[in-house]
Amino acid sequence: MKAMIATDRVYDVLVVGGGNAALSAAITARQAGASVLLLEHAPKHLRGGNSRHTRNLRALHPGPTHVLTDAYLEEEYWDDLLRVTGGHTDEAMARMCIRASEHAPGFLASCGVTFQPSLSGTLSLSRTNAFFLGGGKALVNAMYRTAERLGIEVFYDTEVRSLLLEEGFVRGADITCRGWPLTINAKAVVVSAGGFQANVEWLRETWGDAVDNFQIRGTPYAMGNVLKDLLARGAAPVGDPSQFHAVANDARAPKSDGGLAMRLDCVPFSIVVDRECRRFYDEGEDVWPKRYAIWGRLIAQQPGQIAYAVTDSKAARDFMPSVFPAIRADTVEGLAVAMGLDPTALAARVAEYNAAVRPGTFKGMALDDCRTEGLEPPKTHWARLIDTPPFVGYPMRPGITFTYLGLKVDHQARVQMADGRPSANLFASGEIMAGNILGRGYLAGFGMTIGTVFGRLAGEGAAKYARN
Amino acid sequence: MRETEAVGEARRQMEICNACRYCEGYCAVFPAMTLRREFSSGDLSYLANLCHGCKGCYHACQYAPPHAFGVNVPATFSALRQDSYEDYAWPKPMGTVFRRNGSVVALVSILAVVLVTLATMAWRDPAVFWGAHTGPGAFYRVIPWGLMAGIAGASFLFALVAMAIGVVNFWRDTGGGTARPAPLAEGAIDILTLANLSGGGHGCNDLDDRFTGAKRHLHHALFYGFALCFASTSVATVYDHFLGLQAPYAFWSLPVLLGTVGGIGMTVGATGLIWLKIVTDPAPVAKSVLGGEYAMLGLLWLVAVTGLVLLAARHTGAMGLLLVLHLGTVLAFFLLLPYSKMVHGAYRGAALVRNRMEKKRA
């Protein structure tokens, strides 16, 4: 690594950010002959943004490959996306991304990333998603190694404070490199700096003091400063600024960077109550892979942004183990006390639920016929009596994955200005523009697909502009 | 297995890993982990001895230090293995030698070499000791065959018994049961090929987050080099006993060829593994085990190099000294076999057999 960034030269391409989208752009631009400078806000050990916490990417494939089974074609992929977004997407751009996803695993493999067949605990995604051997950090390691081998200049601990963007034309950036304020020059810029989910004050604008009870699942560096700066300088926004994707996280998780292992999968096999011991949603509405993504929002809407899953020892092996041990007690009242809930109220809630449970045949992996009758809200599947001590409980908080607000881009990943024209030399890839396609909901592994596809487009476009 | 600090730390980390499971493609440890929800000290000893130290899981870990979760499975398992060697050792009091294993191995090696040398020099006439000997039985004029074979045989047999008892202790502690021929054979193939040092087919993080095959290949060189040397000794015993052919043998004879190739393999392997230990990223390494590992690699290197030098200079007056040096290192090796890093092979093999048994059941 070089000691300091050269401020007296003009880089062909400046890449802002250090995750998969940024690296895909940087490597593509460098391979096209451009000189590339990549600036990562995080220190080296936390490099890679949210890519560090990922595990796979969703890829179209007409037939089995060495890491993907069967086939996954455009129409099914599009249907899956349409369903999760509820139509909050851009069909032409989404289809372009879906078609390009066929080549994403090959590109990543050429960057040194290794894939593995999926084995267990992966929500059964081996047909649609290619898994990175070792997960996202291994991917990030391989891509940085490739970037450095290709001669891309990489600087960690380097924050881009603002881009020198005027009239849709960018000529460089004001940055802070390891504490030193610098101005650098570039012919083209790719921003891949993520969402703003780690920016508590920004979230507070919409959510008020509830944000103090939110957890950030991924990188604490997703502050959205580049996004905010560009929007202020005339870039067009896309996506709902108030919304984020969130899952049910263990309430005992760290405030940020807890990663995937903080999520709790116990909901379908439990009842979930708020802090007043009231149920608020059908825990057994659908299989967990199709429902896990709504529970973060549901918990965020409860008083105190907290909820408690309650079940018994029968269910203990029906879901993935948790990092923090379950709270256990020999009685429901005892469990309530251990979790700080009103014992009488919780016992009454469990008794009411048990009375509504109808006999059925339990099938943990499929929509079974174990349901309640006369209960509001109902539990429509996997409803079994909660009667076998030790009783088991988990406190849950919303764990935010990413925000939907982003930069509007065109099919070449060029950032659109508020006046409707595309910028000539400013490109975006990754979470910072994912809202163009993913306006709501989430499809497992699609974030990495968007990052790789648009990273390549952005890198190619930026290099082409700079080299002309 | 008693509850040591490393056991507690391994349990904490396995409970995190079991909720994450990103590393399941690297080796046998993580799929074996997913078969469990709670981890007894015996379970953790089994998983730790199944771990080959490829370090893939450390470099891929989103929870590795300085993350607050501080997950560092290779270092923790390495420390736990050391504790388990102490626990399973026979006779029991000898387990304590694993606490300062570097010092013990170094000291025993030096003492063995010095004592064999001094005893031989005191006993043999200097003219014999420093004389050039040729023809059949040349070595035995310095140290008689019976004495040589007797001491080596006795120390080696004791080592085998002590290690076998250790393996039985390990086996009982990790769940007992009877291994059928199929898992035994598969476990043997796993250890002979070091299948788990392939990192899921792409190599290991021997140096840093790069994938290389260095550790696996160097270990093969050392292991198969050692096996060739052992074969050389066995063939020589047959020559001597049944064919009446006494050492030294010609350079192109089978025992000498096996020993030469084996000795070179051992030298390359031991040198390379020492080099790897020096240059590797120290973060996923348990410092407490390094002393014992360096000392044993050093001893293996000496065994190989003194053997090769003896071969080169066996017709000269230096033969007597070189022979006692070589035999001193070999004696030290046999004595230390059950009380040094060398036991890892026995427990690793048993863990791999158990792993194959578990897979069949799962």
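Residues numbered from 1 in each chain as written. Chains lettered and ligands numbered in written order. Predicted model: local features only at pLDDT ≥ 70, side-chain atom pairs only at ≥ 80, totals over all residues.

A. Expanded view of the overall build of chain B. Of the regular secondary structure elements, chain B holds 14 helices and 0 strands. Traced from its N-terminal end to its C-terminal end, chain B shows the element sequence α-α-α-α-α-α-α-α-α-α-α-α-α-α. In summary, chain B has a C-alpha radius of gyration of 22 Å against a globular reference of 21 Å for 362 residues, a match within 12%. Judged by the C-alpha coordinates and their principal axes, chain B covers about 70 × 40 × 35 Å. (Helix = DSSP H or I, 4+ residues; strand = E, 2+ residues; numbered from the N terminus. Rg over C-alpha atoms; globule rule 2.2 N^0.38 Å.)

B. Region of the structure containing the overall build of chain A. Across its full length, chain A holds 12 helices and 19 strands. Taken against the 2.2 N^0.38 rule, which gives 23 Å for 468 residues, the C-alpha radius of gyration of chain A at 23 Å falls within 12% of a compact globule. Dimensions along the principal axes, computed over C-alpha positions, put chain A at roughly 75 × 50 × 40 Å. Long-range pairs, those at least 24 residues apart, make up 75% of the contacts in chain A between residues at least 6 apart in sequence. (Contact = placed C-beta atoms within 7 Å.)

C. Quick look at the pairing of strand S12 (residues 244–250) of chain A. Residue and element names in this part refer to chain A. In terms of residue burial, S12 counts as a mostly covered element, since 7 of its 7 residues are buried. With 7 bridges joining them, S12 and strand S16 (residues 391–403) adopt antiparallel strand pairing. Bridge assignment links Ala248 to a residue of S16, and that residue is Pro398. (Buried ≥ 20, exposed ≤ 12 C-beta atoms within 10 Å, placed from the backbone. Pairing = 2+ DSSP bridges.)

D. Region of interest: the environment of Ala25 of chain A. Residues and elements named next belong to chain A. Tracing the backbone through its elements, the reader meets Ala25 in helix H1 (residues 20–31). Look at Ala25 and you get buried, because 36 C-beta atoms sit within 10 Å. Ignoring sequence-local partners within four residues, the contact set of Ala25 consists of Val15, Val190, Ser192, Ser429, Gly455, Ala458, Gly459 and Ala462.

E. A look at the packing of helix H2 (residues 74–85) of chain A against helix H3 (residues 91–100) of chain A. Residues and elements named next belong to chain A. Their axes nearest at 10 Å, the elements H2 and H3 cross at an angle of 130°. The pairing of H2 with H3 is recorded here as oblique in orientation. Crossing of H2 against H3: the hand is right-handed. Taken together, the residues of H3 that come into contact with H2 (itself represented by Glu74, Tyr77, Trp78 and Leu81) are Ala94, Arg95, Ile98 and Arg99. Partitioning the contact of H2 with H3 into residue classes produces 5 nonpolar, no polar and 3 charged. (Axes fitted to C-alpha atoms, helices over the stretch in contact; angles between N-to-C directions. Parallel < 35°, antiparallel > 145°, perpendicular 65-115°, else oblique. Left-handed = near helix turned anticlockwise from the far one by under 90°. Nonpolar A, V, L, I, M, F, W, Y, C, P; charged D, E, K, R; others polar.)

F. View of the nonpolar core. Core analysis: the biggest nonpolar cluster contains 251 residues, and Val13, Ala26, Val189 and Ala462 of chain A have the highest contact counts within it. The residues touching Val189 of chain A, leaving out its near neighbours within four places in the chain, are Leu14, Val16, Leu163, Val170, Ala173, Asn425 and Leu426 of chain A. (Core = buried A, V, L, I, M, F, W, Y, C linked by C-beta atoms within 7 Å.)

G. Spatial organisation of the environment of Pro289 of chain A. Relative to the elements of secondary structure, Pro289 of chain A occurs in helix H8 (residues 288–291). Spatially, the C-alpha atom of Pro289 of chain A lies 8.9 Å from that of Ala444 of chain A, the residues being 155 residues apart in sequence.

H. Here's a closer look at the interface of chain A and chain B. Between chain A and chain B, the residue contacts involve 26 residues of the former and 27 residues of the latter. Here the side of chain A that touches chain B gets 4 residues from one element, more than from any other, and that element is helix H5 (residues 136–149) of chain A. Tallied by class, the residues present in the side of chain A that touches chain B amount to 9 nonpolar, 11 polar and 6 charged.

I. Fine view of the pairing of strand S8 (residues 169–177) of chain A. Residue and element names in this part refer to chain A. Direction of pairing for strand S7 (residues 158–166) relative to S8: antiparallel, over a ladder of 7 bridges. Looking across to S8, one finds that Leu163 is bridged to Ala173. Between S7 and the antiparallel strand that follows it, S8, lie 2 residues; Glu167 among them carries a positive phi value of about 55°. As paired elements, S8 and strand S9 (residues 180–191) share 6 bridges and run antiparallel to each other. In the strand pairing of S9, Thr176 is matched with Pro181. Linking S8 back to S9 in an antiparallel pair, the connection comprises 2 residues, with Arg178 at a positive phi of about 50°.

J. A look at helix H1 (residues 5–20) of chain B. All names here are of chain B. Look at H1: 23 Å from first C-alpha to last across 16 residues, which is about the 22 Å you get at 1.5 Å a residue. Those residues of H1 that sit buried are Ala6, Val7, Ala10, Gln13, Met14, Ile16, Cys17, Asn18, Ala19 and Cys20. On its buried face, H1 is in contact with helix H2 (29–34), helix H3 (41–50) and helix H5 (73–88). Arg21 occupies a position one or two residues after H1 and carries a positive phi of about 65°. (Expected span 1.5 Å × (residues − 1).)

K. Geometry of the sheet that holds strand S3 (residues 56–58) of chain A. Residues and elements named next belong to chain A. Here 3 strands make up an open sheet; going across it, the order is S3-S5-S4 and the pairing antiparallel. The open sheet terminates on both sides in strands that have one partner only, identified here as S3 and strand S4 (115–116). Relative to strand S5 (residues 129–132), S3 runs antiparallel, the two being bridged by 3 bridges. Note on S5: the bridge partner recorded for Asn56 is Phe131.

L. Focus on unusual backbone geometry. With an omega of 10°, the peptide bond running from Pro65 of chain B to Pro66 of chain B counts as cis. Structurally, Pro66 of chain B can be placed in the loop between helix H4 (56–59) and H5. Omega for the bond connecting Ala247 of chain B with Pro248 of chain B falls within 30 degrees of zero, at -5°, which places this linkage in the cis form. Relative to the helices and strands, Pro248 of chain B is located in the loop between helix H10 (214–242) and helix H11 (254–279). One non-glycine residue, Asp157 of chain A, lies in positive phi territory at about 55°.

M. Focus on H5 of chain A. End to end, H5 of chain A covers 20 Å across 14 residues, agreeing with the expected 20 Å (1.5 Å per residue, within 8%). With 11 of its 14 residues buried, H5 of chain A lies for the most part within the structure. Check the buried side of H5 of chain A and you find it contacts H1, strand S2 (36–39), helix H4 (104–110), S5 and strand S6 (153–155) of chain A together with H4 of chain B. Within two residues after H5 of chain A, Gly151 of chain A carries a phi angle of roughly 90°, on the positive side.

N. Main features of the packing of helix H10 (residues 332–339) of chain A against helix H11 (residues 343–356) of chain A. All names here are of chain A. Running from N to C, H10 and H11 cross one another at 130°; their axes reach a closest spacing of 8 Å. With respect to H11, the element H10 is oriented oblique. Of the two possible hands of crossing, H10 and H11 adopt the one that is right-handed. Two secondary-structure elements touch here, H10 through Val332, Glu333, Ala336 and Val337 and H11 through Pro343, Leu346, Ala347 and Val350. Taken together, the residues that form the contact of H10 with H11 break down as 7 nonpolar, no polar and 1 charged.

O. Representation of the environment of Arg100 of chain B. By the secondary structure assignment, Arg100 of chain B is in the loop between H5 and helix H6 (101–123). Distance from Arg100 of chain B to Gly53 of chain B, taken between C-alpha atoms, is 21 Å for residues 47 residues apart in sequence.

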